[in-house]
Amino acid sequence: MILQTDFVAAFITGLLGATHCIAMCGGIACILGSRANNSSNKLLVSIGFNLGRILSYSIAGAIVAGSIQAISQVHKSFYMLVALQWFAAIMLILLGIHLTRWWSILTPVEQLGKGLWSKVQPKASKMLALQHPAASLPLGMLWGWLPCGLVYSTLVLSASQAHWLNGAGVMFSFGLGTFSVMLLAVLLGQQLTKLMTNRVLQVCSGLSVLSLGIYQVVTLL
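Residues numbered from 1 in each chain as written. Predicted model: local features only at pLDDT ≥ 70, side-chain atom pairs only at ≥ 80, totals over all residues. Heavy atoms only, no water.

Regarding helix α7 (residues 136-143), the residues found buried are S136, L139, G140, L142 and W143. With its buried residues spanning 160° around the axis, α7 presents them on a single face. (Buried < 20%, exposed > 50% of the residue type's maximum accessible area, 1.4 Å probe, protein only. Helix = DSSP H or I, 4+ residues; strand = E, 2+ residues; numbered from the N terminus. Arc of directions from axis to C-beta.)

So, in structure tokens, the structure goes:
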């Protein structure tokens, strides 16, 4: 039951965090959409790019949860898993505050991934010059490692599964939540970007994620 709840929580987090996705990846989405020479190519590019992102998220979830799985098998620590579940719930609350843009509380967390991104980003930038729609899949996979508080918060939830497959499933669910909006971001470009940067929408999204985090806390009591 908890596992199913976590999958749903991850999906809702991705869906409600779409305003943050647009802020982080809206630019690249607009570029991809503008370079596609017809509607069919634009759709293929959008699907490929977003599937690539989701694949990278799932791989990250498998790595993080698999690492916790290995540690827990050695130390047989039930309390570590409980602590991770609490940490995941608290991270959702902090993420909600972050998404309202009242307080960019997760900005320092996003700095943690900059070392990896500094190595990935040059390769991703080179791939932007490739015109074939098939290039959008590996580009999306690279872009999935962009430092992002939204992703990192959900990775904590993924880690609390303590099983690589369940961890991958949580991040896959999260990616599906972001899929619809990011798909439209490539297709609609600036039109959607303007809508998703609306302050009322940002605040409502943030408060919704914050409420989800509070719900997660209540379920742990």
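What follows concerns unusual backbone geometry. A positive phi angle is found at R101, which is not glycine, with a value near 65°. Following the sequence through the fold, R101 ends up in the loop between α4 (78-100) and α5 (107-110). With a phi angle near 55°, A162 is a residue other than glycine that sits in the positive phi range. Counting through the fold element by element, A162 comes out in the loop between α8 (149-159) and α9 (164-188). We classify A162 as buried; its relative accessible area is 13%.

Further remarks concern a nonpolar patch on the surface. Taken together, F11, L15, F172 and L176 make up a surface patch of nonpolar side chains, about 340 Å² in accessible area. Every element with two or more residues in the nonpolar patch is listed here: α1 (2-16) and α9. (Patch = residues over 30% accessible without salt bridge, like charges linked within 9 Å, V, L, I, M, F, W, Y side chains within 5 Å. Areas by Shrake-Rupley, 256 points an atom, 1.4 Å probe, with all protein chains shown as cover. Salt bridge = Lys/Arg side-chain N within 4 Å of Asp/Glu carboxyl O.)

When pLDDT is averaged across the protein chain, the result is 81; 86% of the residues are at 70 or more. The least confident element of the protein chain, judged by mean pLDDT, is helix α10 (residues 190-196) at 66; the most confident is α8 at 89. (pLDDT = per-residue confidence, 0-100.)

The subject of this paragraph is the packing of aromatic side chains. Tallied over the entire structure, the rule returns one aromatic pair. Ring centres of Y57 and F174 lie 5.5 Å apart, and the angle between their planes is 55°; on these two criteria the pair is classed as tilted. In this pair, Y57 sits in helix α3 (residues 39-75) while F174 sits in helix α9, placing the two residues 117 residues apart along the sequence. Each member of the pair, Y57 together with F174, is buried. (Phe/Tyr/Trp six-rings, centres within 6.5 Å; stacked < 30°, edge-to-face > 60°.)

This part covers the side chain of T100. Relative to the elements of secondary structure, T100 occurs in helix α4. You can call T100 buried: its relative accessible area is 0%. Of note is the side chain of T100, whose polar atom sits 2.5 Å from the backbone oxygen of I97. Apart from residues lying up to four places away in sequence, T100 is in contact with R199, Q202, V203, G206 and L207. (Polar contact = N/O pair within 3.5 Å; in protein donor to acceptor, adjacent residues only side chain to side chain. Contact = heavy atoms within 4.5 Å.)

The subject of this paragraph is helix α11 (residues 199-220). Helical periodicity: at 3.6 residues per turn, an α-helix aligns residues three or four positions apart in one direction. Helix length check: α11 (22 residues) gives 32 Å between terminal C-alpha atoms against 32 Å at 1.5 Å per residue, within 8%. Residues of α11 that are buried include every one of Q202, V203, S205, G206, V209, L210, L212, G213, Q216 and V217, and no others. (Expected span 1.5 Å × (residues − 1).)

Let's shift gears to the packing of helix α6 (residues 114-127) against α7. As a packed pair, α6 and α7 sit with axes 9 Å apart at the nearest point and diverge in direction by 160°. Looking at the two axes, α6 sits roughly antiparallel to α7. Considering the relative orientation of α6 and α7, their crossing is left-handed. Contacts between α6 and α7 involve W117, V120, K123, A124 and M127 from the first element and P138, L139, L142 and W143 from the second. Its residues assigned to classes, the contact of α6 with α7 comprises eight nonpolar, no polar and one charged. (Axes fitted to C-alpha atoms, helices over the stretch in contact; angles between N-to-C directions. Parallel < 35°, antiparallel > 145°, perpendicular 65-115°, else oblique. Left-handed = near helix turned anticlockwise from the far one by under 90°. Nonpolar A, V, L, I, M, F, W, Y, C, P; charged D, E, K, R; others polar.)

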